[in-house]
Structures are given as structure tokens and as C-alpha cells.
Amino acid sequence: MDKIKSLEMVNITKKFPGVIANKDVHLKVESGEVLALLGENGAGKTTLMNILYGLYHPNSGRILINDQEVKIDSPKKALDLGIGMVHQHFMLVPSLTVTENVALGIKFKSKFSMDLDNVAQKIKLLSKKHDLNIDSSLLISDLSVGERQKVEIIKALYFNANILVLDEPTAALTPQETDDLIKWLRSVIKEGMGVIFISHKLNEVMNVSDRVEVLRNGKNVFSTPISKTNINQLARKMAGHDVELPTVERKNKFGNTIIELENVWAKNERGLDALRGVNLTIRKGEILGIAGVSGNGQKELAESITGLQKIYKGDIRFKGESIANKSVQSIIDKGMGYIPEDRLHMGTIPGFKVKENLILKDYLRSPFSKIFLLDRTYIKDYCKSTVDEYDVRCPNINTPTHALSGGNIQKLILSRELKREPDALVASYPIRGVDIAAVQYIHEKLLEARDNDMGILLITEELDELINLSDRIAVIYEDQILDVIDTAEADKSKLGLLMAGIKEGSR
Amino acid sequence: MRNNIIKILFNILVLSISFIVALLFGSIILLIAGVNPLVAYQAMIIRPISSVYGLSEALVRSIPLMMVGIGISIAFRSKMINIGGEGQIQLGAVAAGAAALAIPGVPKAIAIPIIILVGFTVGGIWGGIAGWMKAKLSVNEVLSTVMLNYIAFQLYLFLIRGPLIDPSEIAWGTGVPQTARMPDSTIFERLIQQGQRIHSGIFIALIIAILVYFLLWRTTFGFRLRAVGEEPKAANYAGIKVDKYLILAMVLSGGMAGIAGTIEVIGVHHRVLEGLSANYGFSGIVVALFGRLHPIGVIPASFFFGLLLIGAEMMQRAVNIPSALVISIQGLVILAVVSSNLLLENPKYRKKFLGFLMQNN
Ligand SMILES: Nc1ncnc2c1ncn2[C@@H]1O[C@H](COP(=O)(O)OP(=O)(O)OP(=O)(O)O)[C@@H](O)[C@H]1O
Ligand SMILES: [Mg+2]
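Residues numbered from 1 in each chain as written. Chains lettered and ligands numbered in written order. Predicted model: local features only at pLDDT ≥ 70, side-chain atom pairs only at ≥ 80, totals over all residues. Heavy atoms only, no water.

Enquirer: What is the right way to read the domain arrangement of chain A from this model?
Expert: Frequently, the measure chosen for interface size is the accessible area that the parts lose on association. All names here are of chain A. Entries for chain A in the domain assignment read domain 1 (6-239) and domain 2 (257-499). A straight line from the C-alpha centre of domain 1 to that of domain 2 covers 30 Å. In this complex, domain 1 contributes 23 residues to the contact, which on the side of domain 2 involves 21 residues. For the pairing of domain 1 and domain 2, the buried interface totals around 1600 Å² over both sides, and the portion due to carbon and sulfur atoms is 52%. At the boundary of domain 1 with domain 2, the tally comes to two salt bridges. In this structure, Glu462 engages Lys201 in a salt bridge whose closest nitrogen and oxygen atoms are separated by 3.3 Å. Where domain 1 touches domain 2, the interface holds seven residue pairs in polar contact (both at pLDDT 80 or more). (Domains from an automatic or database assignment. Contact = heavy atoms within 4.5 Å. Buried area = accessible area lost by both parts, 1.4 Å probe. Salt bridge = Lys/Arg side-chain N within 4 Å of Asp/Glu carboxyl O. Polar contact = N/O pair within 3.5 Å; in protein donor to acceptor, adjacent residues only side chain to side chain.)

Written out as C-alpha cells, the structure reads:
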């Protein structure tokens, strides 16, 4: 197959039971350019790209490469044609190594043996050439999110992709990793790669793309070169109405301490210290932000408070009582909410229906169940109203959760946690992968909860979000709390330094 | 509506075709053995459904299959694979038999529930061991259940040859390894007189199928069990003790097989004897798969397999061929039917073959 000079999707329609995910959508990308594909959660971006990658078969429509029609009926075919894709939820086998994962897509000459050394060699070359820095003998399960993404990229490169689809590649990356990725993108575009870039972070979009295509409810609604538009216009086109970020009123009155960590030590899965003597207090009606590059102990911090992580020294008190190493159930019952980082495998059960996931923490209590019988009518009504109230877009509450769009899964988790009205909430990266309108909505909800006296621990890498929402910001660095500052005194550069481990006056 | 009818038609069509294909292959085997396939198949397919005896025997066999199938389905909902049905049946049976012999005077209405409970408990413990080994020691349950089968089998033989052997076998010096006959107050009634074996145990099995359906989908217990199977990480996040529910799923699963053994003792043989488990522990896996690992789906699946089993027996008697051949033909049919499941479940194929009949939606 020749190099792809232009790729065009024409009149693509894709229906799922109860929804039309794409309706007569068209899209064109040429080599050497970045096309940003935008749209609200559930607009149909991922579906469209899965069609391009041969994972879904459209009900109608055509795909043209260099003006010739092609049939893409499997990812293998897509790779052969030169189309690579990095998925929103990665498609790697965790129990295999990097090399093996790449080899999965290869058709070897011999049917009985795989020349893995050769594959590993080529991966090494690629990762050197592209500065990706991946050890191909590692298991996927041992890699961080950013590293996994690099593996997906290597996989695409291995098959000489010259159209690359990136579905929300930066949603889970650290700011540093994001910068690296964008730099890398620029370099491969120069070499003639064509890129379809999906993101909800509009400043990034303005930064890297040449053109944008906006979808709403599965239809094309707007298309423009990037030079002729701006963030506000894009946000408006996506949502179909004006979007304004909430203005935050600073609070200066807080309640009593609700969560208190005292000299907490914990080890991670590999047996290394992941929290070293952490002290923190969260007050009622306060949002305490945790700033830090991910991987500095945030996960263990969130999980020790919610009971998923054992601590081996120190104490955690919630409403005055120790909850250190108590059962998860008892901490939930005491009034703790948790929006976990891993929304697909921890925050929800992908194979469960939307309604089952909505009651994941409530099924035990009345009126959701009596003695041990689930009250199906009550659950149905409750879930219907929750889905409406929080605008979780799904065909209906019996849809399996994995069929929801990424952002809507996030909203589902948020709605479940907030609707229970816990006394305290640990929120890890709550706006990851949600569209601007939903960001606004989630922030409003968090602020509202704060004003209703909930104590919130907000873990995020978005400095804007932190500064906007938090009342105080604690900086975590190498498993320790480096400093806690009042948001009024915080600015991006100061936080940036602290996140890099540099404390003023200590240089 | 129309598409639903098409779906049903399609399923029937696929099943019949695969059935016929299996029979065609089978007829090659029969011809080689020097038997007229038509005579053999007449005995295998027509006779079971055209006589009271055939239907009764098919039902008799479907009962243990149903119980084991339900058990497998429960285990599967927590993503555990229970290959240990044989051992669980045997130990459930021998425990139930011992219990029945121990309470001769107790009225039926009390005796039978006690006996079933004993069979359930012992089968459940045997399954639970595998669950515990999985949860606490990460021992693969396929491995442990198979090993536990060997242990159970030896234990079973020891018990019915030794401590539990019918005293009259010793007195008369015959020494057949079986227990004494169960007291009348502990056995299920026959449903139709004229010497047919179908017994009231079938109602127990049907009730249990429905109860298990309710347990899995309408109770908090089932919610947890399924959550653990679908995504342990999320279950843990939601406060569910994953280990506990893995074990409980295996206990229930083993318990169901234990009841299967119990019913065989107090419903069919009225003694505990050698060969009682009759491979139901393995056939039950096929039944469960064919019933889509759903306790209600298992009901028709077990009846179908009951028919198949009795059909094979009748064929063997009719044309007098070695039982190994019968088993292989039976295997062919099972293979064909189970593999056609792929076609049944995937709407793509339906569309491909019968799409021209469908309405566009
Ligand atoms: N496998 C599926 N089965 C049923 N419905 C699906 C499936 N995949 C997607 N959908 C539905 O199609 C619509 C579009 O989903 P899609 O994942 O393409 O959205 P998206 O634009 O990528 O959103 P996000 O920004 O949240 O990732 C949604 O309503 C979703 O519920
Ligand atoms: Mg998406």
C-alpha cells in the first residue's frame, strides 16, 4: 500500500441499540497535518475512530484512502493500510511484555514460532529514534499510564503507520509528559504523518492542531482551520450553547477538622515506601488540593484514607475516630466518598448495567434493599432520576457501563459519589476526560458540596483546577507533603517549583 | 417482533443443521461398525420421546445435570471454574446416604430437608476448599478441583466398601460395595406408578433453579457475588470482601453438586453405590455452557442432555454396539450443538444468512 496522502470518511452512520452514535459524518485528514476531533462526551468521536480502525463496522458510509475506497474490517487491516490508533482506554494485555504486545499484531512468516528477538530489536530502534525510552522486556502491568501510551505509539510506529489516531492521549499524562508528546507529534508531522487528535483540553488543541472538526450528537456541526477560531467559539460549538467557568467565591470560614492524617507511612505494591510520614488535615467545608506530579504518592494517599491501602505506621482519623486499616465497607458507612483514578476498572464494573454501578455503594442500605432483597422499583426510579440530574448520557439505565463514552462513565461515578452526600470526599482527577461543559458542571457540584460542609481532598495535576477550586493546596513530592499553602498565596510558578521538589529558602 | 421470530427460526435452523451434521458423521462410525444408521438413530432420537419410559428416564437424568449445571453457573458468575462436580456429587451422596440411614424413624417432612442439607453442606465444603485455596493461596481452581476429585473418589470408595457397607452384604459374603437401602421415610416418591423412576426430586431441582436465579439477580448477596466475578478491583473499592465471595461462590457451587448426589441417592438408587455420579459432574459443565451459564437456561439444557443420554442407551440396546461408539456419537452431537452456540449468539451471522428477511430498524 502506498503512503497515505489523504484519508477521508464519507457519510458514516453507526447505530447502537438505542443511540445513533454517528450520523452521516464526514472527515478528512491529510499527511503532515493535525486534525483535532472535538465534541462533548458521547458525541461519537471514539466510535468514529473505532470504525476507522476496523473495530466497529458502520451501518453505512465509505472510507477513502488517496481517493480510493477501502474496506477496513479489522484492526489488522487498518494497520496494514498504515492507520495506527492509541485508544482512550488502552488495548494492551497487562500480563504480557511490551514486545509480546507488539508481536500480537504481527503476521509471522512461520506459523509456529515468533521471532521475538527481532521484534524487540526493532522496538529498541524505534524507541531510540523517537526518544520514547521503553524497555521492551517489561510487563505492561508494571508500566505507568504514560509509559503504556508510549507502547501504543510504538505499536503504531512498528507497523509504519502514517495516519495516527490519538484518542484523548493527554487525559492521563503529567504536564511534562504532555509537553513531550506534543513535541514528538510536531516532529513526526514534519516527516509526513497525519494525525487525528481527540482532546477535551482546548488550549492543547489550539496549540497543536491545524484544523478542527466538531461533532455534536453524532453529527458534524463545525469545521474550520485553527487560525480562524478560538477556545470560546469551540466550546460553544461543542456544547451548542455558551459555556462559562464557574466563578469561585473564596471562603474564609471553615468547620472543624474532619479528616486528619498523622505521620502516615505506607508501602506500595512493590513493597517500597509510598507515603513517608504524611501529616494532613482537611476541615469541613474545605477543598484541600493536592498538587504534585502523579506517581509521588497520590494514589496511596487516596487509598489509605479510603481503606484500600494498608498503612504500617501512623494514624488516620475521620470525624474523630481512627479509620486506619479499617475495612473499606466500614469507612464507606462512616460517610466517605471516593472518586478513584481508574474509572473503568475501579470506579465502575464495566460489565454491570448503569443502574447497578449507580448503586454500587448503596445496594446494602434501605430503601435500596430490604433485609437482603433488592428493591428493583426503587432502584429504577432512583437511577433514572440520578442519570437525569447529573446528565449521564446513556441509552438507558440497563445499558452495560462499558458501552458508555469515557466522559459519561466519569459522570456516572461522580453522580454516585455525590448523590450519597458523604461527609468527606476524596476526588482523584475528577475531570479527566470530560468535556468543558462537564468540567464546569463537575466543578460547580464540588463547590456546592463544599458549601454544604463536605470536606474534599482534590487530587489533580491541573494547576488551573487546583488554584480555582482549592482553599488550601498541599504539595506532594516523593511520598511526602512538602508544604501546605493558602491558595491566596499560590501561583503557578510557585507551585511548579514545589512540585519539582524545590522549596523556597531551602536551596 | 418480526425480527424476534426470525431470531427464533434462525436458532432452530442452526441447531437442527448442526444436529444433522453430527448425525451424518456419526453414521460413518455406525456403518464401519456394521450397523444400519437409520435403525440406530430411530432408537436414539424417536424412542426416547415416544415412550413414557424414555421421557421419564430423560427427566431422571436431567435432575442431577440441572443441579450440577446450576452450580457451575454460580461459580462462573464469580469467574470460578468448577471442574470438581464429580467429587462433590460423590461426597454429597455418601454423606446424605449416611444421614438417611442414621434417622430411620424421623417423619419424611423433616427427614428429607435434613438429608438435602447434609448433602449440600458436604458438597459445599468440598467446593469451598478449592475456593479457599484460590482466595488465600492463589491455587488455580481448575487444578485444585480436579485433584479434589481424585481424593473424593477414593474416600467415597473407602466409605461404601468399609464403614458404610450394607451389613447384609457381609453376612451373605457377597461384598458388593454399596450401603444398605435407605429407609422409606427418607426417599422421594415416584411420580407415575407403573415402574417408572421419575421422582419428586425434579420439583426440588426446579425450585432451586428459580431460587438461585433470585439469589443471583435480586439479592444483595448475588449482587456482591457477581460484582466480584465481573471486576474484583471495583468490588473491593465498593467494600466487598472479594476473597469471601470467591469462597462462598465455590461453596454454593459444590453444594449444588452435593444436592445432585443426594437426589441420586434418595430419588433414584435408594442406596449409595459405585458409579452413582455417572460423570454428571463433567456433563453438567456442558449443560451449564449450553444453558448460557444461567440457572434458568440450565433447565431446558439439562432436559435436552437427559434425552441425549437415554437416547444413547436405547441405541446401544437396539443395535448392540460397543458403548465406546455410543459415547463417541454422543460426543459428536454435544460438540456440534455447543459449537453452534457461536452462531446463535452472534447477530452478525443471523444477519448474514437471514438478513434479507429482516426489517430495517
Ligand atoms: N459498544 C457500544 N454499545 C452501545 N453503545 C455505545 C457503544 N460504544 C459507544 N456507544 C454509545 O455511542 C455514543 C458515542 O460514544 P463515544 O464513545 O463515541 O463518545 P465520545 O465522543 O468518544 O465521548 P467521550 O469524550 O466521553 O469519550 C454514546 O452515546 C455511547 O453510549
Ligand atoms: Mg471517547
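Enquirer: It is not clear to me how the site of ligand 1 should be interpreted in this structure. Could you clarify?
Expert: Residues and elements named next belong to chain A. Ligand 1 sits among 19 residues. The nearest are Gly42, Thr46, Thr47, Ser405 and Gly407. Taking Ala43, its main chain carries an N or O atom lying 3.2 Å from an oxygen atom of ligand 1. Taking Gly406, its main chain carries an N or O atom lying 3.4 Å from an oxygen atom of ligand 1. Considered on its own, ligand 1 offers 640 Å² of accessible surface; in the complex 89% of this is hidden by protein. Those elements that provide at least two residues to the shell around ligand 1 are helix 1 (45-52) and helix 14 (406-419). Take the shell around ligand 1: its biggest share by element is three residues, from helix 1. Partitioning the shell around ligand 1 into residue classes produces six nonpolar, 10 polar and three charged. (Near = heavy atom within 4 Å. Areas by Shrake-Rupley, 256 points an atom, 1.4 Å probe, with all protein chains shown as cover. Helix = DSSP H or I, 4+ residues; strand = E, 2+ residues; numbered from the N terminus. Nonpolar A, V, L, I, M, F, W, Y, C, P; charged D, E, K, R; others polar.)

Enquirer: What should I look at first to understand the coordination of the magnesium ion (ligand 2) in this one?
Expert: Note on metal sites: the ideal angle is 109.5 degrees for four tetrahedral donors, and 90 or 180 degrees for six octahedral donors. Residues and elements named next belong to chain A. Binding of the magnesium ion (ligand 2) to the protein goes through Thr46 (OG1) and Gln88 (OE1), at separations of 1.9 to 2.2 Å. You can see Thr46 sitting in helix 1 and its partner Gln88 sitting in the loop between strand 6 (83-86) and helix 3 (98-103), a full 42 residues away along the chain. The class of Thr46 is partly exposed, set by a relative accessible area of 25%. For Gln88, a relative accessible area of 16% corresponds to the buried category. (Donors = N, O, S within 2.8 Å, 3.2 Å for Na, K, Ca; no water. Buried < 20%, exposed > 50% of the residue type's maximum accessible area, 1.4 Å probe, protein only.)

Enquirer: Please clarify how a nonpolar patch on the surface should be interpreted in this entry.
Expert: There is a patch of nonpolar side chains on the surface, built from Leu13(B), Ile17(B), Val21(B), Phe25(B), Ile28(B) and Ile32(B) and spanning about 600 Å² of accessible area. Within the secondary structure, Val21(B) is located in helix 1 (residues 2-32). (Patch = residues over 30% accessible without salt bridge, like charges linked within 9 Å, V, L, I, M, F, W, Y side chains within 5 Å.)

Enquirer: Would you explain the nonpolar core in this entry?
Expert: The tendency in soluble globular proteins is for nonpolar side chains to be buried side by side. Among the nonpolar cores identified, the biggest contains 145 residues, and Ile359(A), Leu425(A), Leu495(A), Met44(B), Met67(B), Ile70(B) and Val333(B) are the most heavily contacted of them. When residues in this core are grouped by element, the largest group, 15 residues, is from helix 11 (residues 242-269) of chain B. When near neighbours in sequence (up to four residues on either side) are disregarded, Ile70(B) contacts Ala205(B), Ile208(B), Ala209(B), Val212(B), Met256(B), Pro295(B) and Val298(B). (Core = buried A, V, L, I, M, F, W, Y, C linked by side-chain atoms within 4.5 Å.)

Enquirer: Quick question: what am I supposed to make of the pairing of strand 1 (residues 6-16) of chain A here?
Expert: Every other side chain in a regular strand lies on the same face of the sheet, so the side chains alternate between the two faces. Residues and elements named next belong to chain A. Alignment of strand 1 against strand 2 (residues 19-30), held across eight bridges, turns out to be antiparallel. From the neighbouring strand, Lys14 faces strand 2, where its bridge partner is Asn22. In this structure, the hairpin formed by strand 1 and strand 2 is closed by a connection of two residues, where Gly18 is found at a positive phi of approximately 90 degrees. Two elements, strand 1 and strand 4 (residues 60-65), share five bridges in a ladder whose sense is antiparallel. (Pairing = 2+ DSSP bridges.)

Enquirer: What exactly am I supposed to notice about helix 11 of chain B here?
Expert: Because each turn of an α-helix spans 3.6 residues, side chains separated by three or four positions end up pointing in the same direction. Residues and elements named next belong to chain B. The terminal C-alpha atoms of helix 11, which comprises 28 residues, lie 40 Å apart, in line with the 40 Å expected from a rise of 1.5 Å per residue. In terms of burial, helix 11 is a largely internal element, 23 of the 28 residues being buried. The first or second residue beyond helix 11 is His270, which carries a positive phi of 60 degrees. (Expected span 1.5 Å × (residues − 1).)

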